[in-house]
Every structure is written in structure tokens, then in C-alpha cells.
Amino acid sequence: MGKNEFLTPKAIANRIKAKGLQKLRWYCQMCQKQCRDENGFKCHCMSESHQRQMQGYSEEFERTFLEHMKRSHRFSRIAATVVYNEYINDRHHVHMNSTEWATLTEFIKYLGRTGKCKVEETPKGWFITYIDRDSETLFKERMKNKRIKSDLAEEEKQEREIQKQIEKAAELFTEPPKPLEPEPVKELKPESGVKVGLKLTSSNLKPKERGESSKLMFDEIETDNVRNKAVTKTNNKSVLEEMMREEEMKKERVNRKDYWLCEGIVVKVMSKALAEKGYYKQKGVVKKVIDKYVGEIEMLESKHVLRVDQLELETVIPQIGGLVRIVNGAYRGATAKLLGVDTEKFCAKVQIEKGAYVGRVLKAVEYEDICKLAQ
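What counts and how
- Residues numbered from 1 in each chain as written.
- Predicted model: local features only at pLDDT ≥ 70, side-chain atom pairs only at ≥ 80, totals over all residues.
- Heavy atoms only, no water.
- Helix = DSSP H or I, 4+ residues; strand = E, 2+ residues; numbered from the N terminus.
- Buried < 20%, exposed > 50% of the residue type's maximum accessible area, 1.4 Å probe, protein only.
- Contact = heavy atoms within 4.5 Å.
- Phe/Tyr/Trp six-rings, centres within 6.5 Å; stacked < 30°, edge-to-face > 60°.
- Lys NZ or Arg CZ within 6 Å of the ring centre and 35° of its normal.
- Pairing = 2+ DSSP bridges.
- Axes fitted to C-alpha atoms, helices over the stretch in contact; angles between N-to-C directions.
- Arc of directions from axis to C-beta.
- Salt bridge = Lys/Arg side-chain N within 4 Å of Asp/Glu carboxyl O.

Student: Which parts of the structure should I look at to understand the overall build of the protein chain?
Tutor: A count of helices and strands for the protein chain gives seven helices and 15 strands. Residue burial in the protein chain is summarised as follows: out of 375 residues, 28% are buried. Sequence separation of at least 24 residues holds for 48% of the intrachain contacts in the protein chain that already meet a minimum separation of 6.

Next up, the structure:
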């Protein structure tokens, strides 16, 4: 009888060990084989039959893990260990030891390299954010970007047309008046038999007085000319200012909205409900805007990502000389430079740096309409 026969002590001991509950990390799901120790599991993983089945389980593990991320944490930044613990709660899940990744860290790095998740390594561990690449979501995003571009193109076209009209009006009002044609001199033809008498009298004015009177007359003519030119310039200026004022009012009506959040600006969290967690009056950068009124804010100090409504946020004013984004009003979306602050009227003086209105100075912009740009 051989040493591994059915009734030998060794074979009986092996059967008794196999009946008990073994460690999960030594179980191969692909081959449905339970190994009793680490060495046996290592030898099994190096076998040819195991290597053939590994690729299919790796793809299934990745697919089911990303489906769980999409379903439970679609827009959140969350610790990788939290997601994995939620995933393995399902008793029928695909085990990681049946995939090509030996550890969770290797799998998280793989997701970051392939662009399927945004991966961050922090002192508290690995954090991941799901990148939504759903066809419907991508289509909506493309349509949104296309609509924004068309709106901007239409707005620039209207601004160019208005600018052309202003230039034409300025040319019309600044044209020099046409000189008056001298009236033809009528020749006096006396009728026959009529005598014309001419009487030449000497002037009582002395030569000096005559010179002064002619000088006064020319001075009056020059004064009238200067006055007429000043009136013409004033009229031209008032008409241009009126047209520019109407243009400003029209842009204000079009661009004044009840929402102001946009990506890339620095805001201050004013929610007292978040005071216990230490976020009250803390600054963060808007990374994403959801449904126009909610923003995903990455805090500057802790790097935590919060989802906060714009009613609980406040704009931030930088130091003089810093860049700001005009978030509401006539010049909504323009980038400007802060020139000064009026603390009594709660407004600021800015100069537009980019766009169709580059160089234009806005003397009184309210604090709520501008916000600091993230560096």
C-alpha cells in the first residue's frame, strides 16, 4: 500500500483538513480550488491552466468594480479601501487573487494609468474619483460645449456690429461742415433816363480806431467759430456716450443671471453646517459646476472635495494687481485685473485683460460680480 493510498493516515489527514473552512486568500476562484497554505497557492498560480483563465477574470473584476463606482460614487472623491470593502460585501464577487493584480494598490495605479479613474496618493491613503465616460454623458457634454461656443460667437458678432455702428456715427458727426457758396453778385443795371448819385463822405474814425474796430470784428468771428466747434464736439460726445450706455444696459440685461459659479475660481465656504468639520470660512477652488447652482469645491488646505450650493459660498477678492473673473453682469466670463477697491461703496475698479473688450476699465463693479482666479 502506497503512502498516499485512500486509507493511509496521510490521506485521511488531508481529507479532514479539506473539510474545514480554509483561508479565503488561498482560494482560487478561477479554478475553484482551495489551497491549504501559501506555498500551495503559489505553486497553483504558476501553473499553466491557471494562467490561461486569469485574463477573463481580470476583465470581469475591473468591469464590476467600475460599475460599483459608477453606481455608488459617480461624482465623489473617496478612499479606495472604502470602495473595495463595499465591493467585497457581495459574497459572489470576483476575488482579486484570481486577477493579474496582486494588491489593491497595483489595481488603483492601473486605473490611473488607463484614465478610467482620477487617482491621488495622500498621507491618508489612495483616493479615487470616477471619470464618467458614458456615451450619453459625453454627448450631452459635447452639445453643451457646442452651445456655449455658438453663444459666444453670436455675442462677439453682435458686439462687432455695434462697434461698427458707433464708428459710423462718430464719422458722421465729425465730418467738417461744407463751406457756404458765396451768393452771386448782382450787377446793377440802371434804367434808361435814371441818374444814380454816389456821395463819398469822409469817415470820422481815426486810422487807429478803424484798425481796432476791424480787429474786434475778427475776434468776434473767431469766438463764434470756436463756440460752434465746442458745441459740435459736445453733441458728438453725448451721442456716443448715449449709444455706449445703451449697449452696456443691453449686455447687462442679457448676461445678468441668478447663478454665478464657474470653474477655476476661488470661493469661501460660508455654510455653518460645515463648521463642525472645520470648513466654515475656509477657501477652496471650484473644480466642477453641477446643474449651474452646485459646485464641487477642493479645499486649499485639506484637499478634501465638497459639494456645496452657491447660496452657501462667497466670492473672494484678491490683492490689488491680482487677476479676477467677472462672474455676473455685462462682462460675464471676462478675465480682468484688479486696480482698486472702494470699501465704502463695496465695489472695485478693474481692467479687462482678455477678450473683445481688452483694455476697457470698469470703475464700479460690485464685489459679488467678481471673484479671484485660481493660480
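Student: For this particular structure, what's the right way to read the packing of aromatic side chains?
Tutor: Note on aromatic pairs: each is described by the distance of the centres and the angle between the planes. Tallying each qualifying case throughout the model produces twelve aromatic pairs. With 6.3 Å between their ring centres and 45 degrees between their planes, F61 and W101 make a pair best called tilted. A residue pair is termed long-range when its members are at least 10 positions apart, and F61 in helix α3 (residues 48-72) and W101 in the loop between α4 (80-87) and α5 (104-113) qualify at 40 residues. Given a relative accessible area of 0%, F61 falls into the buried group. Note on W101: relative accessible area 7%, which makes it buried. Centroid distance F107 to Y110: 6.5 Å. Interplanar angle 25 degrees. Geometry classified as stacked. Linking F107 with Y110, this pair stays in helix α5, spanning three residues, or about one helical turn. Exposure remark for Y110: the relative accessible area of 18% places this residue in the buried category. Taken together, F61, F65, Y87, W101, F107 and Y110 form an aromatic cluster joined through their ring pairs. Lying over the aromatic face of F127, R77 brings its terminal NZ or CZ to 4.5 Å of the ring centre.

Student: Would you explain unusual backbone geometry in this entry?
Tutor: What is expected of a backbone is that most residues other than glycine have negative phi and most peptide bonds are trans. The backbone of D291 sits at a positive phi, close to 55 degrees, despite the residue not being glycine. Position of D291 relative to the elements: it lies in the loop between β7 (283-290) and β8 (294-299). Positioned with a positive phi, K292 is a non-glycine residue whose angle comes to about 70 degrees. Here K292 is to be found in the loop between β7 and β8.

Student: Is there a simple way to think about the sheet that holds strand β12 (residues 335-342) in this case?
Tutor: Neighbouring strands of a sheet are bound in pairs by backbone hydrogen bonds; such pairs are parallel or else antiparallel. The five strands lie next to each other as β14-β13-β12-β11-β15, forming an open sheet whose pairing is antiparallel. Of all strands in the sheet, those with a lone pairing partner are β14 (361-366) and β15 (370-372), marking the two edges. Adjacent strand axes in the sheet meet at a mean angle of 45 degrees when their direction is disregarded. Sheet topology places strand β11 (residues 323-326) next to β12; three bridges connect them, and they run antiparallel. Across the sheet, residue L323 finds its bridge partner in β12, namely K337.

Student: Explanation requested: the environment of V365 in the structure shown.
Tutor: Mapped onto the fold, V365 is located in strand β14. Note on V365: relative accessible area 9%, which makes it buried. As a C-alpha pair, V365 and K349 span 16 residues in sequence and 6.4 Å in three-dimensional space. Among residues more than four places away in sequence, those in contact with V365 are C347, A348, V350 and I370.

Student: Looking at this structure, how should I read α5?
Tutor: Along an α-helix, residues three or four apart share an orientation, since each turn contains 3.6 residues. Among the residues making up α5, those that are buried are L104, F107, I108, Y110 and L111. Seen along its axis, α5 keeps its buried residues to an arc of 155 degrees; they face one direction. G115, located one to two residues past α5, shows a positive phi value of around 75 degrees.

Student: Which parts of the structure should I look at to understand the pairing of strand β13 (residues 347-352)?
Tutor: Consecutive side chains along a regular strand alternate between the two faces of the sheet. Pairing geometry for β12 and β13, over six bridges, is antiparallel. Each residue of the ladder has a partner; that of K337, found in β13, is Q351. Linking two consecutive strands that pair antiparallel, namely β12 and β13, is a turn of four residues; a positive phi of about 55 degrees is found at F346 within it. Inspection of the sheet shows β13 paired to β14 by four bridges, in the antiparallel sense. Directly across from C347, in β14, lies its bridge partner E366.

Student: Mind showing me how you'd approach the environment of E100 here?
Tutor: Along the chain, the position of E100 falls in the loop between α4 and α5. Remark: the alpha-carbon pair of E100 and S58, spanning 42 residues in sequence, is separated by 6.1 Å.

Student: Quick question: what am I supposed to make of the pattern of salt bridges here?
Tutor: Side-chain pairs of opposite charge can arise where the charged atoms are in close proximity. Following the criterion strictly, the structure yields seven salt bridges and no others. The salt bridge involving K116 is made with E62; its shortest N-O contact spans 2.1 Å. Of this pair, K116 sits in the loop between α5 and β4 (117-122) while E62 is found in helix α3, placing the two residues 54 residues apart along the sequence. We classify E62 as buried; its relative accessible area is 10%. Note that K287 and E298 form a salt bridge whose closest N and O atoms lie 3.6 Å from each other. A residue pair is termed long-range when its members are at least 10 positions apart, and K287 in strand β7 and E298 in strand β8 qualify at eleven residues. On the accessibility criterion, K287 (46% relative accessible area) is partly exposed. Given the relative accessible area of 15%, E298 is considered buried.

Student: Would you mind going over the sheet that holds β8 with me for this structure?
Tutor: Ordered in space as β9-β8-β7-β6-β10, the five strands form an open sheet in which the pairing is antiparallel. Looking along the sheet, the strands with just one partner apiece sit at the ends: β9 (305-309) and β10 (313-315). For this sheet, the mean angle separating the axes of adjacent strands, direction not counted, is 50 degrees.

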